[in-house]
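Structural description and commentary
In case you want the letters, here they are:
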Amino acid sequence: MSANIVCNCDPRKDPHPAYNLAVTTPVVEIDNLSRRFGEFTAVDSLTLEANAGEVFGLLGSNGAGKSTTIKMLTTLLPPSSGEARVGGFSITTQPVEVRRAIGYVPQAVSVDGSLTGYENLLIFSKLYDIPHREQEARIREQLNLVDLSREADRLVNQYSGGMVRRLEIAQSTLHRPRVLFLDEPTVGLDPIARDAVWKHLIDLKNNYGTTLFLTTHYLEDAESHCDRIAIMHMGKLAALGTLKELEVSLGSGDHTLDEVFVYYAGTTLDPGGGFRDVSIERTTEQRLG
Amino acid sequence: MTDTFIHSLTGFINKTFVITEFELRKLRHDFTELITRALQPALWLLIFGQVFARSGMMHTGNIPYLDFIAPGILAQSVLFVAIFYGINVIWERDLGIVQKFLVSPTPRAALVLGKGFSAGIRTLSQAIVVYGLSLLLGVKLDWSPLALLNVFVVVVLAATLFSTFSLIIACIVKTRERFMGVGQVLTMPLFFASNAIYPTTIMPAWLRVISHLNPLTYVVDALRTSMLAGSTSVFGLGIDYAVILTTTIVLVLIGARLYPQLGV
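Quick look at the structure, then. Here the structure is a predicted model, which means the values were calculated and not measured.

As a further point, take the overall build of chain A. A tally of regular secondary structure across chain A gives eleven helices and ten strands. Taken across its 289 residues, chain A has 49% of its residues classed as buried.

The subject of this paragraph is the interface of chain B and chain A. Of the residues lining the interface, 19 residues belong to chain B; the matching set on chain A comes to 24 residues. Elements with a contribution of two residues or more to the side of chain B that touches chain A: helix H1 (2–29) and helix H6 (97–103) of chain B. The element contributing the most residues to the side of chain B that touches chain A is H1(B), with six residues. Of the residues assigned to the side of chain B that touches chain A, the class counts are eight nonpolar, six polar and five charged.

Hydrogen bonds between backbone groups are what pair the strands of a sheet, and the pairing can be parallel or antiparallel. Residue and element names in this part refer to chain A. Strand order in the open sheet made by the six strands is E6-E7-E8-E3-E9-E10, with mixed pairing throughout. If you trace the sheet from one side to the other, it starts and ends with strand E6 (102–105) and strand E10 (236–241), each paired once. Between one strand axis and the next, the sheet turns through 15° on average, direction left out of account. Where strand E3 (residues 55–59) and strand E8 (residues 211–215) come together, four bridges link them in parallel fashion. Its bridge partner being in E8, Gly-57 is matched across the sheet by Leu-214. Sitting on the sheet, helix H10 (residues 257–265) is in contact with E3, strand E9 (228–233) and E10, with an inclination near 35° to E9.

Residues and elements named next belong to chain B. In this structure, Ala-75, Ala-158 and Val-219 are the most contacted members of the largest nonpolar core, which totals 150 residues. In terms of residue count, the dominant contributor to this core is helix H9 (residues 145–173) (15 residues). With near-sequence residues (within four places) excluded, Ala-75 lies in contact with Ala-158, Ala-196, Leu-216, Val-219, Val-220 and Leu-223.

Our next topic: the packing of helix H5 (residues 86–94) of chain B against H9(B). Residues and elements named next belong to chain B. At a minimum axis distance of 8 Å, the contact between H5 and H9 shows a crossing angle of 40°. Classified by the interaxial angle, the pair formed by H5 and H9 is oblique. Note that H5 runs across H9; the crossing there is right-handed. Facing Gly-86, Val-89 and Ile-90 of H5, the residues of H9 in contact are Ser-166, Leu-167, Ile-169 and Ala-170. Considering only residue class, the contact of H5 with H9 consists of five nonpolar, two polar and no charged.

Rules and cut-offs
Residues numbered from 1 in each chain as written. Chains lettered and ligands numbered in written order. Predicted model: local features only at pLDDT ≥ 70, side-chain atom pairs only at ≥ 80, totals over all residues. Helix = DSSP H or I, 4+ residues; strand = E, 2+ residues; numbered from the N terminus. Buried ≥ 20, exposed ≤ 12 C-beta atoms within 10 Å, placed from the backbone. Contact = placed C-beta atoms within 7 Å. Nonpolar A, V, L, I, M, F, W, Y, C, P; charged D, E, K, R; others polar. Pairing = 2+ DSSP bridges. Axes fitted to C-alpha atoms, helices over the stretch in contact; angles between N-to-C directions. Core = buried A, V, L, I, M, F, W, Y, C linked by C-beta atoms within 7 Å. Parallel < 35°, antiparallel > 145°, perpendicular 65-115°, else oblique. Left-handed = near helix turned anticlockwise from the far one by under 90°.

Have a look at this one:
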């Protein structure tokens, strides 16, 4: 599995032809990043870059190290070794600057059900130092962006799953972050709600040039929305490229992303994850679904 | 240098109050918990207090027993409400709310202190209940503005202290089940090893030593001094405040160190 054209390559040392065609600015630079939990290595010497304005999908089976990677990039979890720069700032030495440059939508529900949609945004506009005079206009703009203007004054515990996700996206992009990290943004949503979430994410990218860095289990999401895809397996980068590149890398003939995924992520189950991760995912599905 | 210091200090205070506001807004939408909380101090004062006052077993000097325990029950109900505050923190962790706050550029200590203050303001309802019951039972209260201000400040600080202590426990145990166990184990010793319902002078020597290490003792002393007309402090209000403030600051600093562990 290791001897193929997209695997095991350091995109900076060994640029793939595709990188030379477009002028790209990396906004997420991951360099040899590792995270160990005792004996277990959740993320193993990960090196990759995501470019400004792209939709970057991180795929892999349960426990492949996707969420651990996102937690390190969002400064929630310090790496065991290695380094990453987000928006030009180091996650290890400049965590506060990184936090100003990013937005984060965790997998679990992260808005407060006992407040209204408006209030949920208001608190974060204050925490992100949006000037007092601009707060109201910015909040209205965000609510409008995710189609929640009419529900602004309802308590969030009356929202549907799709509305909750959209509110979370509005909340985490109030301060116009350069990169928005999303951990399984469409988990537990029905197809219509999923489409709506994606529509708003793409709007965000088009309107503000926000880079989207997301993990997903849904291959069809990756297929239709991600500019580039990285597949992780056992904490390592197994493949990286555009969908087309990944399909080509399997050799002649037509291949689907499903086949690519199975080829790189394997059919064996990854050992990571754990009860808490499973529990979060199930509860999220239950809450949103 | 001083400019950046002042800037970060005002930022810190500002963020602390944003967090407090966030917590209090929730209360505005649902204040049933304030009403249910009022029951416990009522039971202690009306039943326990009345019975022990009639028994004449407690020697509380020149103040009647009911007067003696009214501030003690206020301190106790503040403790009981604040000590389970950590359960909310664990709940917020099981959702993604803690992570969301931690990914924002808010100082960790502001997150911890802001939550503590909100617990403080929530427990003010307990003070109102205890004052109401005390009036009913004929406790001789000190209604001077300074006394009321002292009670206000001490209640808010005490709730901040114990809710931050509770947050620290939550950061360590991380699950609701373990938290409930630890919470139960801690409240009663804190309550009984204090001067809340009996004076420390009737305690055995070893317990008296422990009670003097217990911040609740100083909370009760400060409340008793301020609430009751003609009551004198055992330690002096200055010492009470010094102990309460120092403990709170130390706990907030520890909490700020531990809180990020909930984001993992």
